[in-house]
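Observations on the model geometry
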Amino acid sequence: MSELLEFSVTQEVRDRCLCLHLQRAGRVVARMFDEALRPLDLTNGQFSILNAINRPKPPRLAELARFLGMDHSTMTAAVKPLERRGLMMVKVDTEDRRSRLASLTAAGHELLVKAVPIWRATHDRLDELAGENISLGALNKVSGLIA
């Protein structure tokens, strides 16, 4: 018979594990934004992708993947529904034919304009609920996404 893990260890992980707490918080926050953006038929992940593409110069898909903390294949799969909806385009980078550039279409810009006020209102509600307990700087430091 194998040794059983003491319940006190389970409690320690429950109370101390940053990974567990970030995952739980991430799921709750993601659901909040998904529900808010649902009238636009947009998920929080899709909003993040569209927002990340909204730059003066079209970004490379690999750059977007790094920025959003995704691997390349996940990014490629995530943009396909947005392309099918006509919200964005992916084309070959003429400077590096191995790379792909992402840009918003007019419909993508229009949807993003509608989505931002919803995002702001939802974020304001989240700020009220969380108070001073959330530090984006600390989260960015942990995630290694300091720009």
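The notes below deal with the structure included here. Residue positions within a chain follow its written sequence, with the count starting from 1. Predicted model: local features are reported for residues with pLDDT of at least 70 only, side-chain atom pairs are reported and counted for 80 or more only, and whole-chain, interface and lining totals are derived from all residues. Remark: hydrogens and water are excluded; side-chain values derive from all non-hydrogen atoms of the structure.

**Quick word on the pattern of salt bridges**
By definition, a salt bridge exists where a carboxyl oxygen of Asp or Glu is found within 4 Å of a side-chain nitrogen of Lys or Arg. Evaluated as defined, the whole model comprises six salt bridges. One salt bridge connects Asp41 with Arg85, and the closest N-O pair in it is separated by 4.0 Å. Of the two residues, Asp41 is situated in the loop between α2 (18-37) and α3 (44-53) and Arg85 in the loop between α5 (72-84) and β1 (88-92); the sequence distance between them amounts to 44 residues. Residue Asp41 is classed as exposed on the basis of its relative accessible area, which comes to 54%. The shortest N-O distance in the salt bridge between Asp96 and Arg98 comes to 3.0 Å. The secondary structure listing takes helices from DSSP runs of H or I that are at least 4 residues long and strands from runs of E that are at least 2 residues long, numbered from the N terminus. Here's how the labels work: a residue is buried when its accessible area is under 20% of the maximum for its type, exposed when over 50%, partly exposed in between, all with a 1.4 Å probe on protein chains only.

**Some words on the state of the cysteines**
Two cysteines whose sulfur atoms are joined by a covalent bond form what is called a disulfide. Any two cysteine sulfur atoms within 2.5 Å of one another count as a disulfide. Throughout the structure, instances matching the rule amount to zero disulfides. The cysteine Cys17 is free of any disulfide, with Cys19 supplying the nearest cysteine sulfur at 5.1 Å.

**Things to note about the packing of aromatic side chains**
Here a pair means two rings of Phe, Tyr or Trp (six-membered ring of Trp) with centres within 6.5 Å. Their orientation is stacked below 30 degrees between planes, edge-to-face above 60, and tilted elsewhere. For the structure on display, the rule yields one aromatic pair. Where Phe47 meets Trp119, the ring centres are 6.3 Å apart and the plane angle is 20 degrees; that geometry is what we call stacked. Of the two residues, Phe47 is situated in helix α3 and Trp119 in helix α6 (residues 106-130); the sequence distance between them amounts to 72 residues. Its guanidinium or amino end placed over the ring of Phe67, Arg55 lies 5.8 Å from that ring's centre, counting from NZ or CZ. Placement of a charge over a ring requires the Lys NZ or Arg CZ to be within 6 Å of the ring centre, with the centre-to-atom vector within 35 degrees of the ring normal.

**Structural notes on α5**
A helix is expected to span 1.5 Å multiplied by its residue count minus one. With 13 residues, α5 should reach 18 Å at 1.5 Å per residue; the first-to-last C-alpha distance of 19 Å fits that figure. As for α5, its buried residues are in contact with α3, α4 (61-68) and β1. Here, residues are in contact when the closest pair of their heavy atoms is within 4.5 Å.

**With respect to the packing of helix α1 (residues 7-16) against α2**
Between N-to-C directions, angles span 0 to 180 degrees; the directions come from axes that are lines fitted to C-alpha atoms, helices contributing only their stretch in contact. Here α1 crosses α2 at 55 degrees, and the two axes come no closer than 6 Å. Taken as axis vectors, α1 and α2 run oblique relative to one another. Contact residues: Val13, Arg14, Asp15 and Arg16 in α1; Leu18, Leu20 and His21 in α2. Three classes are used: nonpolar for Ala, Val, Leu, Ile, Met, Phe, Trp, Tyr, Cys and Pro, charged for Asp, Glu, Lys and Arg, and polar for all others, with Gly counted as polar. When its residues are assigned to classes, the contact of α1 with α2 shows three nonpolar, one polar and three charged. An angle below 35 degrees is read as roughly parallel, one above 145 as roughly antiparallel, one from 65 to 115 as roughly perpendicular, and any other as oblique.

**A few points about the pairing of strand β2 (residues 100-104)**
Most of β2 is tucked away: four of the five residues are buried. At least two bridges found by DSSP between two strands is the condition for calling them paired. Across five bridges, β1 lies against β2 in antiparallel orientation. Bridge pairing in β2 links Val92 to Arg100.

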